[in-house]
Amino acid sequence: MMFAHRTLVTLLSLTILARALPSVEERDPEPVCEQIANTISDSSDVYYPGHPLYIKGVYHWASSSAQLPLCVVEPGTPADVGIILGIVGSTRTAFAVKGGGHASNPGFSSTTGVHISMYRFSTVTYNSADQTADIGAGLIWDDVYAALEPLNVNVVGGRVTGVGVAGFILGGGYSWKTNQHGLTIDTVTAYELVKPNGDVVTVTKASDSELFFGLKGIVTKFTLQTFPQTQVWGGLITITAPFIPDVAAATAAFAANVNDPKASIITTYNFLLGQPGISQLLFYDGPSPPAGIFDAFLAIPYFTKDVSTRSYVSLVQSSPANATAGLRGVFNTVSVLNYTPALLDVILNETIFWGTTLSLKSGAFISYDVEPFLANIYSHNLDTTAFPPVRSLGLLPFNIYYAWVLSAFDDDFHSAAKASAATVYSAAVSEGQSSLLGAPVYPNYAISDTPLANIYGSNLPALQTLKDSIDPTNIMGLAGGFKF
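Since the model is a prediction, treat every value here as computed from it, not as a measurement.

Chemist: So what's going on with the overall build of the chain? Which residues, and what values?
Modeler: Across its full length, the chain carries 15 helices and 19 strands. For the chain, the C-alpha radius of gyration of 22 Å lies close to 23 Å, the compact-globule estimate for 484 residues. If you line up the chain on its principal axes, its C-alpha atoms span 65 × 55 × 45 Å. Burial statistics for the chain: of 484 residues in total, 58% are counted as buried. A fraction of 74% describes how many contacts in the chain between residues 6 or more apart in sequence connect residues 24 or more apart. Carbon and sulfur atoms provide 55% of the accessible area of the chain, an area that totals close to 18,600 Å².

Structure, rendered in structure tokens:
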């Protein structure tokens, strides 16, 4: 069955973006854009400054991630993606590839050159015979879940609303279902890939194990394993400052003692309107959780509560992730092994310190995501993947996210995110998490100048060798992202 993508870019978000970007006026088309427009098929289009779909094309969840390109290209076929790569490669034109637009690093999915927007790769096809789903690279996870829901199946994907499919998968992907099935990358069975030379290939472990391990080019479609899906239980609770110690105690106990793979949480320490607080997401992969798993959280006095038995997509959309859409933003991360009470105290102190400090520099939202998983999540896949390079450690992701208004303070927020990550890392090592020395960090949370060795570890030489083989003229080096 085929399901059309429902574009979720709202008029409000586009208005915010239009105000955040420098003004654009219609101008004569650039030669490289004209060449693309004259060569691609009728399934694709090119949009120039002044066209309403130009603004839609460059939209990013974090306005600091958007730039003004020469043109926006919306390819509609893999063959046209190959044509575009050939033209930008031969003219040595900088380009970008944008899926869902949730990248927080400036220039990773934006450019001042040719902007390739993958919106038209937007179908979900369920293959009942082998229980897989083909998922277009232009989708966000909300639409994938909504498409699969009537079939009572699901995939291992993003946990909060508005996150794009492509970047999430290629970075690894931690899911509400990761305790049961591993990272999203562990459930991929095939990629439809446009190689840097323009060739369109289907890549599987059997067809090309090296390319399956370290993709080079542009992915237009992912094939993922599917799993049966019932209704789920959970949602969002917000909790005010006086009860943060209770949340910390419940979070540390959950991380240390809950072994049910269907249960998961994200505890987010926030600083908003001059005060710290908590956004608590609870998840159970079933209509109701067994007694005892979430009781400590449910006993805490709350400010708001939206927890119920519901559809999977409803739970994902209960998150407040889009509340800061249109602001400037930065992510950073460290890996940890355990979320202990002492480490949670450090995270609270960082929330208050940087929340107070950065509020003076147009800071609108300061948050720290505590994300416990079971220690065995990397054992679901015995094959080597680019990330994580180490599967013997039960590394846990941790996300620092700052949102602000004024571009004049960009450097301040980036520096703060690095300083805070270093503080949390040092605290974890000091309390005995010595295995973190040299441990890799999650690429989807990593700040833009994170050394590649800190992400891909011992896999880096193989990835660089593959890149030289598949992309000898460095076409993909004209695009954003981490540079191999």
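From this point, the discussion proceeds with the structure in view.
Chemist: Talk me through unusual backbone geometry; I want residue IDs and the actual numbers.
Modeler: Across residues other than glycine, the phi torsion is negative in most instances, and most of the peptide bonds are trans. With an omega of 0°, the peptide bond running from Phe387 to Pro388 counts as cis. The backbone phi angle of Gln131 is positive, close to 55°, even though this residue is not glycine. Its place among the elements puts Gln131 in the loop between β6 (123-127) and β7 (132-136).

Chemist: Give me the lowdown on the pattern of salt bridges, citing residues and values where you can.
Modeler: The tally for this structure, following the rule as stated, stands at 11 salt bridges. Lys177 serves as the salt-bridge partner of Asp285, at 2.6 Å between the closest nitrogen and oxygen. Of the two residues, Asp285 sits in the loop between β15 (275-284) and α10 (295-298) while Lys177 sits in the loop between α6 (165-170) and α7 (178-181), which places them 108 residues apart along the sequence. With a relative accessible area of 9%, Asp285 lands in the buried category.

Chemist: Describe the sheet that holds β15, and please don't skip the residues or the numbers.
Modeler: If you trace the 7 strands from one edge of the open sheet to the other, you get β16-β13-β15-β14-β18-β19-β17, paired in antiparallel fashion. Both edges of this open sheet fall to β16 (304-310) and β17 (328-333), since each of them pairs with a single strand only. For this sheet, the mean inter-axis angle between neighbouring strands, taken without regard to orientation, is 15°. Seen against the sheet, helix α9 (residues 244-257) touches β13 (232-240), β14 (263-272), β15 and β18 (363-370) and runs at an angle of roughly 150° to β14. Lying on the sheet, helix α12 (residues 341-359) is in contact with β14, β15, β18 and β19 (398-404); it crosses β18 at an angle near 170°.

Chemist: Break down the nonpolar core for me, citing the residues and quoting the values.
Modeler: If you look at the biggest cluster of nonpolar residues, it comprises 146 residues, and the most contacted ones within it are Phe95, Val114, Trp141, Tyr269, Phe294, Ile347 and Tyr402. For this core, the element with the highest residue contribution is helix α13 (residues 410-430), accounting for 7 residues. Excluding residues within four positions of it along the chain, Trp141 makes contact with Ile135, Val155, Val156, Gly157, Gly158, Val163, Gly164, Val165, Phe168, Ile169, Thr184 and Leu224.

Chemist: Quick one: what's the story with the state of the cysteines, residue by residue and with numbers?
Modeler: By the definition in use, this model includes 1 disulfide. Here Cys33 engages in a disulfide with Cys71; their sulfurs sit 2.1 Å apart. With the S-S dihedral at roughly -90°, the linkage between Cys33 and Cys71 falls on the left-handed side. Placement of Cys33 in helix α2 (residues 31-39) and of Cys71 in strand β3 (residues 71-74) is noted, with a sequence separation of 38 residues between them. Neither Cys33 nor Cys71 differs from the other in exposure class; each is buried.

Chemist: For α13, give the residues involved together with the corresponding values.
Modeler: In a regular helix each residue adds 1.5 Å, so 21 residues correspond to 30 Å; α13 covers 30 Å between its end C-alpha atoms and thus fits that length. Here α13 has its buried residues at Asp410, Phe413, His414, Ala416, Ala417, Ser420, Ala421, Val424, Ala427 and Ala428. Down the axis, α13 shows its buried residues gathered within 160° of arc, on one side only. For α13, the exposed residues lying more than 90 degrees away from the buried face are Asp411 and Ser430. Where α13 is buried, its residues meet β17, α12, β18 and β19. Following α13 by one or two positions, Gly432 adopts a phi angle in the positive range, close to 115°.

Chemist: Lay out the environment of Thr333 in plain terms, naming residues and giving numbers.
Modeler: Counting through the fold element by element, Thr333 comes out in strand β17. Spatially, the C-alpha atoms of Thr333 and Ala421 are 6.1 Å apart, while their sequence positions differ by 88 residues. Excluding residues that lie within four positions of it along the chain, Thr333 makes contacts with Phe398, Ala421, Val441, Tyr442, Tyr445 and Ala446. For Thr333, the side chain forms a polar contact with the main-chain oxygen of Phe398, separated by 2.5 Å.

Chemist: Explain the pairing of strand β11 (residues 218-225) residue by residue, including any values.
Modeler: Among the 8 residues in β11, 6 count as buried, and that is most of the element. Relative to β11, β7 runs antiparallel, the two being bridged by 5 bridges. In the strand pairing of β11, Ile135 is matched with Phe222. Pairing of strand β9 (residues 188-194) with β11 involves 6 bridges; the strand directions are antiparallel. Across the sheet, residue Val188 finds its bridge partner in β11, namely Leu224.

Chemist: Before we move on, could you go through the side chain of Ser44 and cite the residues and values that matter?
Modeler: Within the fold, Ser44 resides in the loop between α2 and β2 (45-47). Within polar-contact distance, the side chain of Ser44 engages the backbone nitrogen of Gly76 at 2.7 Å. Apart from residues lying up to four places away in sequence, Ser44 is in contact with Glu74, Pro75, Gly76, Thr77, Asp80 and Arg120.

Chemist: Give a description of the environment of Thr187 that names residues and reports values.
Modeler: Examined against the element boundaries, Thr187 turns out to sit in the loop between α7 and β9. Residue classification places Thr187 among the buried positions, given a relative accessible area of 0%. Sequence separation between Thr187 and Ile470 is 283 residues, and the spatial gap between their C-alpha atoms is 24 Å. Not counting residues up to four positions away in its chain, the partners in contact with Thr187 are Val156, His181, Thr223, Leu224, Gln225 and Phe227.

Conventions used here
Residues numbered from 1 in each chain as written. Predicted model: local features only at pLDDT ≥ 70, side-chain atom pairs only at ≥ 80, totals over all residues. Heavy atoms only, no water. Helix = DSSP H or I, 4+ residues; strand = E, 2+ residues; numbered from the N terminus. Rg over C-alpha atoms; globule rule 2.2 N^0.38 Å. Buried < 20%, exposed > 50% of the residue type's maximum accessible area, 1.4 Å probe, protein only. Contact = heavy atoms within 4.5 Å. Areas by Shrake-Rupley, 256 points an atom, 1.4 Å probe, with all protein chains shown as cover. Salt bridge = Lys/Arg side-chain N within 4 Å of Asp/Glu carboxyl O. Pairing = 2+ DSSP bridges. Axes fitted to C-alpha atoms, helices over the stretch in contact; angles between N-to-C directions. Core = buried A, V, L, I, M, F, W, Y, C linked by side-chain atoms within 4.5 Å. Disulfide = S-S within 2.5 Å. Expected span 1.5 Å × (residues − 1). Arc of directions from axis to C-beta. Polar contact = N/O pair within 3.5 Å; in protein donor to acceptor, adjacent residues only side chain to side chain.

In short, shape yes, function no, at least from these values alone.
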